[in-house]
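So the chains spell out like this:
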Amino acid sequence: MAFDGALLRCVKLELEENLINSKVDKIHQPSKDELIITFRSRSGSYKLLISIKANSSRIHLTNKPIENPKVPPMICMLLRKKLAGAKLVNVRQKELERVLFFDFDTVNDIFEKQRLVFIVEIMGKYSNVILAGKNYNVIDALRRVNEDMSSKRQVLPGVKYTLPPSQRKLNILNEQTTNIAQKITESSLKSTSKAVSHTIQGLSFIVCDEIEFLNSISKSKKPLEETLSTLKRRINSKLHAGYMVTSSSGKMIDFTFIPVKHFEESGCIVKKFDTISEMLDAFYYEKDSYDRVKNKNQFLFKYLHNLSTKLSKKLKILNKELMQSHDKEKFKIQADFKCKRI
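This text gives an overview of the structure that appears in the document. Everything numeric in this text was worked out from a predicted model, so none of it was measured.

## Structural notes on helix α2 (residues 74-83)
Now for step 1: What α2 keeps buried is the set I75, C76, L79 and L83. Buried residues of α2, viewed axially, fall in a sector of 100 degrees; they line one side. In α2, the exposed positions angled more than 90 degrees off the buried face are occupied by M74 and K81.
Now for step 2: Contacts from the buried residues of α2 go to β1 (23-31), β2 (34-41), β6 (99-107), β7 (113-121), β8 (128-132) and β9 (138-141).
Now for step 3: Residue G85 follows α2 closely and has a positive phi angle near 85 degrees.

Here's what the structure looks like:
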C-alpha cells in the first residue's frame, strides 16, 4: 500500500495539530504488532493507532473500537511505566523518510525531568516502534533486531539508535522543481513513473503514476515541472484530504494524499475524506474486514478439501474391499458344501 514518506508527512502535520502539548493517558497493545496510545488534553482525547504489521504498517488517529487483551505484554507495561503522564512536545520527521520522532517530557523514578524519544518506523515488514532515552540509547523496541537478523543495524536495549540507510534520492521540499524535472527527463528509465520513483524521495507508485498521467495530458510548455510544483505545494500544505481508491465492485485498491485522476479514468471509484486519518481508518477497517472473511473462506475451503480427500481415500478402500467380496456367495456355497461332506 501507498504509505510513503510524503503521506507520513501529512499524518505528522495532523498529529502536530491535535496532539502537541497533550499528555499520555493510556497505552494498550491489542496484538504483538499494534499499539494504541490515548492522549488527553483540554480539547479532548485522541487515540493514536500504530501498526507494524507487514501488510498494514501505519500510524494515524483512530475512532474504531479495538479489543485489548486482559493481560498486557511486557513491552506494553514498560511503555506505560515510562510514558504514562508524559507530555508530547514535538513530532519530527527527517526530510521525507518514513520515520517519526515523538519527543516526550516526563520524569524518572526519582522525579528528575527527562526527555524520551518515541520512534515509529513505517517501512512494511521492517517497521518498528522504539523507545529511546538520552543520546538516543534504545530502552526497548516492539521488535528487537539482533546481529543474526541484521549485520548493519541492530535495535536492542542499550544500543544507540541509528536511522535506516538513506536511499539518496532528492527531497522535493528542498530541491528546485526545475532541477528535479531535469534529472527525471535525463533518466535512462523508460517510463516517467519509474524515473520519478527513482529520483524523488518518499513517493509511492500511485503518486508516481499520477505524475506521469498528469504530465501526459498537460498542455503546458513545461508539464513535468508544473506537475512537480503542484505536488510540492500539496505536500507543504497544512491541511490534507485523503483519497481512497476502490474498484467498481468495492474491493480496496489503494490510497494517497492527492487526487488520482488516472484511477478515475480507468473506471475505479475515488472517495475523498476530510483528513488522512479518517481515510486510513476507513481503508484498513474495510480491508481488515475483507481479510477476515477471506481468511475464514480459506479455512473453510481447506477444511472441506481435507475432508473430501479423506473421504475419497476411504471410499477407494471400501470399493476395493467390495470388489474383493464380489464372489462371496459362490465361495459361501462352496464352503458350506465342503463342510457337509466332512
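## Re the sheet that holds strand β12 (residues 269-273)
The strands making up a sheet associate through hydrogen bonds between their backbones, and the pairing can be parallel or antiparallel.
Now for step 1: Taken together, the 3 strands give an open sheet; going across it, the order is β11-β10-β12, and neighbouring strands pair in antiparallel fashion. The two strands at the open ends of the sheet, each matched to only one other strand, are β11 (252-256) and β12. This sheet shows a mean twist of 20 degrees between the axes of neighbouring strands, independent of strand direction.
Now for step 2: Two strands pair when backbone bridges link them, and strand β10 (residues 242-246) and β11 are joined in this way by 4 bridges, in the antiparallel orientation. Paired with Y243 across the strands is T256, a residue of β11.

## Points about the pattern of salt bridges
Now for step 1: Scanning all chains against the criterion turns up 8 salt bridges.
Now for step 2: We note a salt bridge from D105 to R115, for which the minimum N-O separation is 2.6 Å. Of this pair, D105 sits in strand β6 while R115 is found in strand β7, placing the two residues 10 residues apart along the sequence.
Now for step 3: The class for D105 is partly exposed, based on a relative accessible area of 32%.

## A short note on the nonpolar core
Now for step 1: Formed by 74 residues in total, the largest nonpolar core has its most connected members in I59, F102, F118 and F257.
Now for step 2: Broken down by element, this core gets its largest block of residues, 7 residues, from helix α1 (residues 5-19).
Now for step 3: Aside from chain neighbours lying at most four places away, what touches F102 is L15, L48, I59, L88, N90, V91, L116, V117, F118 and V120.
Now for step 4: Counting residues in hydrophobic clusters, the runner-up holds 11 residues, among them V99, V117, I119 and V155.

## Observations concerning the side chain of R58
Now for step 1: Residue position: R58 is located in strand β4 (residues 58-62).
Now for step 2: Among the polar contacts listed, one links the side chain of R58 to the backbone oxygen of S56, at a separation of 2.9 Å.

## Remarks on the packing of aromatic side chains
Now for step 1: Under the defined criterion, the tally for this structure stands at 8 aromatic pairs.
Now for step 2: Each ring, one from F39 and one from F104, has its centre 6.2 Å from the other, and the planes form 10 degrees; the classification is stacked. Residue F39 is found in strand β2, and its partner F104 is found in strand β6; the two are separated by 65 residues along the sequence. F104 matches F39 in its accessibility class, with the two residues each being buried.
Now for step 3: Between the aromatic rings of F255 and F283, the centroid separation amounts to 4.9 Å while the plane-to-plane angle is 75 degrees, which identifies the pairing as edge-to-face. Of this pair, F255 sits in strand β11 while F283 sits in helix α8 (residues 276-324), placing them 28 residues apart in sequence.
Now for step 4: For F283, a relative accessible area of 0% translates into the label buried.

Reading the values: the criteria
Residues numbered from 1 in each chain as written. Predicted model: local features only at pLDDT ≥ 70, side-chain atom pairs only at ≥ 80, totals over all residues. Heavy atoms only, no water. Buried < 20%, exposed > 50% of the residue type's maximum accessible area, 1.4 Å probe, protein only. Helix = DSSP H or I, 4+ residues; strand = E, 2+ residues; numbered from the N terminus. Arc of directions from axis to C-beta. Contact = heavy atoms within 4.5 Å. Pairing = 2+ DSSP bridges. Axes fitted to C-alpha atoms, helices over the stretch in contact; angles between N-to-C directions. Salt bridge = Lys/Arg side-chain N within 4 Å of Asp/Glu carboxyl O. Core = buried A, V, L, I, M, F, W, Y, C linked by side-chain atoms within 4.5 Å. Polar contact = N/O pair within 3.5 Å; in protein donor to acceptor, adjacent residues only side chain to side chain. Phe/Tyr/Trp six-rings, centres within 6.5 Å; stacked < 30°, edge-to-face > 60°.

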